[in-house]
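As a plain string of letters, each chain reads:
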Amino acid sequence: APPPAPPPAPAPERRARRPIQVRIRPRIPFKRTLLFLLILFLLFAAADRIVNAVDQKSRGLWDRVVTRIDRQIDEWRGKAEDQVGDQIGDQLDQVTDQIGQRLEDNPAAGGGQTP
């Protein structure tokens, strides 16, 4: 004969039910629109920062180019002024020498042979 079946296990104790809590969720009207605008605002802010950085770099590059061109022009002007100054100085020396020779050759100007 088969052994008798074990007695049934006692039923687990039922937990006391919590009182039903009504969860109040604040409803935000136009939630998707507000999220879209927030994301759009963040994208515009990032784009503005990028544009400012690029503008600053291009301004710096332009300033360096202009400075380099100004230096080159100043260098060329300096060489040109030196060359022109040398030419004018040479011509002035020639004119002074010619005037001096004419004065020496002209007896009325106090030049020429002395008595």
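One can find the structure itself at the top, above this paragraph.
Anyway, here's the lowdown on the structure attached to this text.

Basis of the calculations
All residue numbers here refer to positions counted from 1 along the written sequence of the relevant chain. Local features in this predicted model are restricted to residues whose pLDDT is 70 or higher, and side-chain atom pairs enter the listing and the counts only when it is 80 or higher, whereas totals over whole chains, interfaces and linings include all residues. Working from all heavy atoms in the structure, the side-chain values ignore hydrogens and water. Salt bridges are defined by distance alone: a side-chain nitrogen of Lys or Arg within 4 Å of a carboxyl oxygen of Asp or Glu. Secondary structure elements are taken from DSSP: a helix is a run of H or I of four residues or more, a strand is a run of E of two residues or more, and numbering for both begins at the N terminus. A patch is a set of surface residues, each over 30% in relative accessible area and not in a salt bridge, joined within 9 Å for like charges and within 5 Å for the nonpolar side chains Val, Leu, Ile, Met, Phe, Trp and Tyr. Using the Shrake-Rupley algorithm and a 1.4 Å probe, accessible areas are obtained, with residue cover drawn only from the displayed protein chains. All tallies of charge rest on Lys and Arg as positive and Asp and Glu as negative; His and the ends of each chain are not included. Each charge is placed at NZ for Lys, CZ for Arg, CG for Asp and CD for Glu.

**Description of the pattern of salt bridges**
Taken as a whole, this structure holds 1 salt bridge when the rule is applied. Residues R59 and D55 are paired through a salt bridge, measuring 2.5 Å at the closest nitrogen-oxygen approach. With R59 and D55 both in helix α1 (residues 31-105), this residue pair falls 4 residues apart, about one helical turn.

**Side note on a nonpolar patch on the surface**
A cluster of nonpolar side chains, namely L61, W62, V65, V66, I69, I73 and W76, defines an oily patch on the protein surface of about 670 Å² accessible area. When you line up the elements, V66 lands in helix α1.

**Overview of a positive patch on the surface**
Residues R23, R25, R27, K31 and R32 make up a contiguous surface patch of positive charge. Mapped onto the elements, R25 comes out in the segment before α1.

**Regarding unusual backbone geometry**
If you check the backbone angles, F30 has positive phi at about 60 degrees while not being a glycine. Mapped onto the elements of the fold, F30 is located in the segment before α1.

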